[in-house]
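Listed below are the residues making up each chain.
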Amino acid sequence: MATGFTDFLDSFVKDHDNRQLLAIPLAVFALSLAILLVSFASSGSPVPLGMEFQGGTQISVETTDSPATLEELYSDYPIMDARKAGSRVIMQFGVMDNEEQRQLEDDVMGRYSNVEIKQIGPVYGKDLQVQALRALAISFIGMAIVVFLIFRSVVPSFAVVLSALSDITIAAAFMRIAGIELSLGTVAALLMLIGYSVDSDILLTNRVLKRRGTVEEKVSRAMQTGITMTTTTLAALVVMYAVSTFPYLIIPSLTQITLLSQISIVLIIGLAADLMNTWLLNTGILRWYVLKPEFRGRFNR
Amino acid sequence: MSDKKSLFKNVRVIIFIIALLASIIAIQPGYSPGEGTTSNLNYGLDLEGGSWLQIKLQGALAQVDADSGMIVSEMVEPVIGAPITITENNLEGNGLSGTEKSITFTTNVPVSSSELELLEIGRVSVDRLNQETTQVTIFTSKESLIRLYLASSLDSEVITFDEGEGLVYEIRTAVSEEELEALMAEVGGSVLKNEDGTSSYKEGVSVQTRDLTRDILNDKLNALGLKDIPVRTVGEDYILIDFAGIDLATAKDIAEKPGKFEIRINTTGTETRHVLYGDSIVSVGIPGFHDNQWHTPFTLNEEGALALQKVALETGAVDNPNAHYLTMYLDENVVYSAPLSYSAASQLKNAPIYSWQASTGGDEEAKAEAQALQIHLRAGALPVNVVLVGSGHVDAALGEQFKTEALIAGLLSLLAVAGVVFRRYRRPEILIPMVGTSISEVIMILGVAAAIGWQMDLAAIAGIIAAIGTGIDHLVIITDEVLYEGKLPPTKVFVSRIGKAFGIIFGAAATTIIAMSPLVVMGFGALKGFAITTIIGVFIGVVIARPVYGVVIKEMLEAGEASAARKGEISADE
């Protein structure tokens, strides 16, 4: 599949001019931005915030009872949601005071086995939210600075940074549409995306700027390598997603690992976006740049 | 044969092998029939089972100013029940360091010095000037006045410290900037601005206070015989307590239950008599050195001071202190024992004593003892107000399940990667070094984790996956660079190609490390673990493992091509 896809992408890139190459990724980028903006305007947050950032309690137990039964059972508490995941039911509660919290915990632990509880106070959640956003911003700026230091040339560095930004934006818009909440796990995934995203961009830019050969040939070669890189990572992530999300399809007693499941799905989307952004967006900008008449073919021989 | 020799003489390969062996020794994998597989790895709560509590320390730091006269009026008038007039005040301004600073006021009601000394403002001298006027002089400083004013209006401990940027008041309870501003305005003052015009108010407590709170919690939990409950500070004003193997309800009980502090006095022989419990201790000061001794100051409330006086009188400790030691216990363990000083003993015959000092001696050991005593005296009472902001619980069986699944996910992911790599290159001599390098990188990350006692939790596992993911990317870059023409180039070209490959790899690794580092500095719990593991992994990969892959792939390909040439069939790969 990988080689077939590489050949297809390679000929697609060769057959279209830079403007056409940029059109698709820029359209997707704009659409994603629009989704995030609309969501921000309507709900105050571009992506749905998870319990960790909002405060509340999440309790997951092993049970054969239906989510509706549990919702009924704990209706005295601020239960917001109960859903089934394999042999478990995950319940979501709003903020409670210490006394209520304690009662609920005692009741759940007395009734069910294999309990997992996570509780975050609203103040701490707010703090976490600020920290996470700051971390994302600083990471991104740090990455941009390193990229500029590596290439010391504005347009190619800008192309790398733009495609990383687009990867993250698309992944975030996907989270909004699919209803994946922003949690510590998904923040981690977005940060990982910064790292993964620039790998193939740096490879491409490095090959095109610092290697001899025609631009066309260098891009094809870089594509061979870059797509192998991304597909290996994607393969690992798809497997991880499957194992951490649907393990109970194989062995019923196994449990979802929410953290790994969230990380892998966000990364899968982000890397798929990266395939597009690296080989259409970044390639388009870079190809336009190195073939500019003022370089007199310096990068094309 | 000569190829193999040169491989093992290569410095990079030697470093790699040593690092790998050291990691395996650090991990100490083993198998014992009873327990299954064992290792030296430390698992986090989400894999081991147990619970955690996260608490926030409430407080505020600010630089403030006020009119000292107004503070004295504010504090003294309710006590004496009449208005006062400030007649002399040399507390304002900085000069006159030699003379004792004081503030003087007059009032038209009689005043006793003891009722004012109860305010603990400072030494008080009272002069009856005439029938109507009483003149009172209080020897104090503006700093103590502000501190006491804040402490009494907020009903909280307030301490001051100066780290070169002016005097900072630490209020050890939650108070908003507006509340503080209003309080200061009442006494003609305000919250000061920093030089850049921003407010000096800051929510939270100082690092010292945070660490003291952590130490007290540690002390308390360990005094209960619960060893190995790590109490860590997280971020600026959070403390995280991990209770491995303890369920959430028990954890909350333990954390909420104050340590039992008790003072007893020897009666006869080894018999002792109860004097007071920890709830009688109002405040504990910072250990200080004077009269060639280290002292830990503490203050008793009315009830405690009276109880101590009563028992000291009844046991005869006031007459013969050396026969009736005063002993302090924390959860039934002796933490301090000494006789009453002669001056204290004679003073007790007349009146209760509120402010006490426990001396420990003059040497370094005594200093440590005084500091430990400060913590012991606090046990049960944390220096700051705390609120529970987060908690969690994972059943041990569930943790075990997570561990198994994470392992399955890891192994299957590696297989998937191997599958893609093989599909692309179709050469075992590339596949084997590549997968081998990845596995050795995992072993080395685990080795570092075991060596530094780093906890493996789900977030750390995600970090390992991130590191291995970029690792495979980098190995693909090296391979494609080396095989640029589809076959192995001559050595000279090979060396320059490897150099180019590493140019790309270092750049990519640097961006990943830079992208993760803000989380290491400011991240909380899970994200911090994730970032540190990723950075360790990327670092090990770039410095130790990937250079060796460059060397090994060359040897493997040369061997492969040599045997292919012998058979007379050079495979055209691309």
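No experiment lies behind these values; they were computed from the predicted model shown.

A. Representation of the packing of helix 2 (residues 18-43) of chain A against helix 7 (residues 154-178) of chain A in the model. All names here are of chain A. Axis separation between helix 2 and helix 7 bottoms out at 9 Å; the angle between their running directions is 50 degrees. Of the possible angle classes, the one that applies to helix 2 and helix 7 is oblique. Relative to helix 7, the crossing made by helix 2 is left-handed. Residues Pro 25, Val 28, Phe 29, Ser 32, Leu 33, Ile 35, Leu 36 and Ser 39 of helix 2 lie in contact with helix 7, whose contacting residues are Ser 166, Thr 169, Ile 170, Ala 172, Ala 173, Arg 176 and Ile 177.

B. Geometry of the pairing of strand 21 (residues 293-300) of chain B. All names here are of chain B. Here strand 21 shows a buried face lined by Trp 294, Thr 296, Phe 298 and Leu 300 and an unburied face lined by Gln 293, His 295, Pro 297 and Thr 299. Pairing of strand 19 (residues 281-284) with strand 21 involves 3 bridges; the strand directions are antiparallel. Bridging across to strand 21, Val 284 finds its partner in Phe 298. In this structure, the hairpin formed by strand 20 (residues 288-290) and strand 21 is closed by a connection of 2 residues, where Asp 291 is found at a positive phi of approximately 50 degrees. Examined bridge by bridge, strand 21 and strand 24 (residues 355-361) share 6 bridges and lie antiparallel to one another. Paired with Phe 298 across the bridge in strand 24 is Trp 356.

C. Fine view of the sheet that holds strand 23 (residues 333-338) of chain B. All names here are of chain B. Taken together, the 4 strands give an open sheet; going across it, the order is 18-17-22-23, and neighbouring strands pair in antiparallel fashion. Looking at the sheet topology across the chains shown, the edges are occupied by strand 18 (272-277) and strand 23. Strand-to-strand twist of the sheet, defined as the mean angle between neighbouring strand axes without regard to direction, takes the value 25 degrees. Of the pairings in the sheet, the one linking strand 17 (residues 261-266) to strand 18 comprises 5 bridges and is antiparallel in character.

D. The interface of chain B and chain A, seen in detail. In this complex, chain B contributes 61 residues to the contact, which on the side of chain A involves 61 residues. Elements supplying a minimum of two residues to the side of chain B that touches chain A: strand 4 (50-58), helix 9 (248-256), strand 25 (385-394), helix 13 (396-425), helix 15 (458-482), helix 16 (491-522) and helix 17 (525-567) of chain B. Per element, the largest residue contribution to the side of chain B that touches chain A is 17 residues, and it comes from helix 13 of chain B.

Parameters and conventions
- Residues numbered from 1 in each chain as written.
- Chains lettered and ligands numbered in written order.
- Predicted model: local features only at pLDDT ≥ 70, side-chain atom pairs only at ≥ 80, totals over all residues.
- Axes fitted to C-alpha atoms, helices over the stretch in contact; angles between N-to-C directions.
- Helix = DSSP H or I, 4+ residues; strand = E, 2+ residues; numbered from the N terminus.
- Parallel < 35°, antiparallel > 145°, perpendicular 65-115°, else oblique.
- Left-handed = near helix turned anticlockwise from the far one by under 90°.
- Contact = placed C-beta atoms within 7 Å.
- Buried ≥ 20, exposed ≤ 12 C-beta atoms within 10 Å, placed from the backbone.
- Pairing = 2+ DSSP bridges.

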